[in-house]
Amino acid sequence: MINVDKIREDFPILKRTVHGKPLVYFDNAATSQTPQVVIDTIVDYYSNYNANIHRGVHTLSQEATDKYEEARIKIQHHFNAKKAHEIILTSGTTHSINMVASGFASLLNKGDEVIVSALEHHSNIVPWQMLCEKTGAILQVIPMNDEGGLEMAIFHQLVTTKTKLVFCNHVSNALGTVNPIEEIIEAAHKVGAAVLIDGAQATPHIKPDVQALNVDFYVASAHKLCGPTGMGMLYGKEEWLQKLPPYQGGGEMIETVTFEKTTYAGLPHKFEAGTPNICGGIAFGTAIDYMNSVGFENIAAYENELLIYATSELLKIEGLKIYGTSKEKTAVISFNVGTIHPYDIGSILDKLGIAVRTGHHCAQPIMDFYKIPGTIRASFSFYNTKEEIDALVVGVKRAVMMLS
Ligand SMILES: *Cc1c(COP(=O)(O)O)cnc(C)c1O
């Protein structure tokens, strides 16, 4: 059970006002807010043991290295990876995806096929397009349906022995749809294709088990699960990480360097060139501890309550249409009212202290499918309340009155 009043005490930002009104933060799908323990971790790092890692003999460097590697192990346990070195610390989902996409450039041949879903974030479309341009591989798309789900029958037709890679998000950031990734992984493996799952939007609500999923790559961003920005992770099965070439050259990722030949360091360092976001990595570990202390089952149950309540209250507004009505969805509501431009409603809501996202949510193909310029997206977290949803409903009604 979630004691929301107590949880809200953990988030200092929730006490602030915007335009004289209490902040109602419903842009959690873009980034989550940060609990005091994570802020404290960041302050502690810079106040007490800020140093470069992995190369110092001195105490500060050793402390920083220990904490950074402890964070990697926390992340390993959270995702249930078999080995700590299967967790690569990155600057975020986008960085993780590019690391895999660029590595596959050396593994794909002309005419190979790569499948992507129609529900992807741009960061899970563009790197694969670039990969296909480079290699001559062919990009295929699993179409979506009206409910905002994937046309799985078509997916099964697309998967053949020519398929080398499949990319799909676990949860769609624009619509909240939870995709049938188990089915996708199983079908892809039958033909020997690798699967990358974009978990950026799933990880704030679901605790994934990469071994149970038997997924090849799983990526996520710390800033969507109460951690800092500019921090994320790539899980890769050891055999795949061994096969992929390094993404960047530099310090940390080498074993020996001469001008004739450089040999690369082992995992995970092969993929971690340069000084990383040390503080961010350590704070990511704290964020994962915090989320687990709240409990993912509690989070999912409470957010689902908010989703059901908000859906039924919003649908009472005349002319309001919700996009993404899949049975399996997280607490994201994408909507429009009549033909009013989403930006206009979003601006009025901001004046009322309510933060929502408007636009295409980095998923233009979904907007094209529905033939709309964008939506208003309210996305909820476990620190939101029903009272805040009431404020949103009142705000939308007021905006509609002013704009029509
Ligand atoms: C946010 C998001 C991304 C991009 O994450 P970054 O942290 O900006 O790299 C990718 N995919 C999905 C589904 C997202 O929600």
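Being a predicted model, the structure only gives us computed values, none of them experimental. (Residues numbered from 1 in each chain as written. Predicted model: local features only at pLDDT ≥ 70, side-chain atom pairs only at ≥ 80, totals over all residues. Heavy atoms only, no water.)

Peer 1: Can you walk me through the nonpolar core in this structure?
Peer 2: If you look at soluble globular proteins, the nonpolar side chains tend to sit buried side by side. Formed by 105 residues in total, the largest nonpolar core has its most connected members in Phe382 and Val396. In terms of residue count, the dominant contributor to this core is helix α10 (residues 278–294) (10 residues). Three or more residues apiece are contributed to this core by two domains, here domain 1 (4–30 + 295–403) and domain 2 (39–292). Leave out the neighbours within four places in its chain, and Val396 touches Leu314, Ile317, Leu320, Phe335, Val337 and Leu349. Formed by 25 residues, the second largest nonpolar core is a distinct cluster that contains Trp128, Cys132, Leu244 and Leu267. (Core = buried A, V, L, I, M, F, W, Y, C linked by side-chain atoms within 4.5 Å. Buried < 20%, exposed > 50% of the residue type's maximum accessible area, 1.4 Å probe, protein only. Helix = DSSP H or I, 4+ residues; strand = E, 2+ residues; numbered from the N terminus. Domains from an automatic or database assignment. Contact = heavy atoms within 4.5 Å.)

Peer 1: Explanation requested: the sheet that holds strand β5 (residues 113–117) in the structure shown.
Peer 2: The strands making up a sheet associate through backbone hydrogen bonding, with each pair oriented either parallel or antiparallel. Strands sit in the order β4-β10-β9-β8-β7-β5-β6 across an open sheet of 7 strands; the sheet is mixed. In this open sheet, the two edge strands, each paired with only one partner strand, are β4 (87–90) and β6 (138–142). Across this sheet, the average inter-strand angle for adjacent strands is 20°, counted without regard to direction. Its contacts with the sheet put helix α5 (residues 126–135) on β5, β6, β7 (163–169) and β8 (194–198), and the angle it makes with β6 is roughly 150°. (Pairing = 2+ DSSP bridges. Axes fitted to C-alpha atoms, helices over the stretch in contact; angles between N-to-C directions.)

Peer 1: Would you mind showing me how to read the pairing of β8 here?
Peer 2: Remember that side chains alternate between the two faces of the sheet whenever the strand is regular. When you tally the buried positions in β8, you get 5 out of 5 residues, the bulk of the element. Burial of β8 is two-sided: the residues Ala194, Leu196 and Asp198 facing one way and the residues Val195 and Ile197 facing the other way are all buried. When β7 meets β8, the two strands line up parallel, connected through 5 bridges. Bridging across to β8, Leu165 finds its partner in Ala194. Handedness of the β7-helix α7 (residues 181–190)-β8 crossover: right-handed. Sheet analysis places β8 next to strand β9 (residues 217–221), joined by 3 bridges and oriented parallel. Note on β9: the bridge partner recorded for Asp198 is Val219. (Right-handed = clockwise from strand over helix to strand, strands pointing away.)

Peer 1: Is there a simple way to think about the site of the ligand in this case?
Peer 2: Taken together, the residues surrounding the ligand are Thr93, Thr94, His121, Ser123, Asn173, Asp198, Ala200, Gln201, Ser221, His223 and Lys224. Side-chain polar atom of Gln201 to an oxygen atom of the ligand: 2.5 Å apart, as the coordinates give it. Measuring from an oxygen atom of the ligand, one finds a side-chain N or O atom of Ser221 at 2.6 Å. Protein coverage of the free-state accessible area of the ligand, which is 390 Å², stands at 86%. According to the grid-proximity analysis, the pocket containing the ligand is the largest pocket. (Near = heavy atom within 4 Å. Polar contact = N/O pair within 3.5 Å; in protein donor to acceptor, adjacent residues only side chain to side chain. Areas by Shrake-Rupley, 256 points an atom, 1.4 Å probe, with all protein chains shown as cover. 1 Å grid on protein atoms, 1.4 Å probe; cavity = no way out; pocket = protein on both sides within 12 Å on 5 of 7 lines; lining within 4 Å. Sits in = over half its atoms within 2 Å of the grid points.)

Peer 1: Would you explain the domain arrangement of the protein in this entry?
Peer 2: One frequently used descriptor of interface size is the decrease in accessible area upon assembly of the parts. With domains assigned, the protein is organised as domain 1 (4–30 + 295–403) and domain 2 (39–292). Each of domain 1 and domain 2 has a C-alpha centre, and these two points are 28 Å apart. On the surface where domain 1 and domain 2 come into contact, there are 0 salt bridges. Scanning the region where domain 1 abuts domain 2 turns up 17 residue pairs in polar contact (both at pLDDT 80 or more). (Salt bridge = Lys/Arg side-chain N within 4 Å of Asp/Glu carboxyl O.)

Peer 1: Sorry if this is basic, but what is going on with the layout of surface pockets here?
Peer 2: Which parts of space are left empty comes out when a probe the size of a water molecule is rolled across the atoms. Of the voids in this model, the largest pocket is the one considered here, and its volume is about 330 Å³. For the largest pocket, the lining is made up of 24 residues, of which Ala29, Ala30, His121, Asn173 and Lys224 are closest to its centre. Of the residues contributing to the lining of the largest pocket, the split by class is 6 nonpolar, 14 polar and 4 charged. Residues lining the lining of the largest pocket come from more than one domain, with at least three contributed by each of domain 1 (4–30 + 295–403) and domain 2 (39–292). Volume-wise, the second largest pocket comes out at about 170 Å³. (Points joined across faces, edges and corners; volume = space filled by probe spheres on them. Nonpolar A, V, L, I, M, F, W, Y, C, P; charged D, E, K, R; others polar.)

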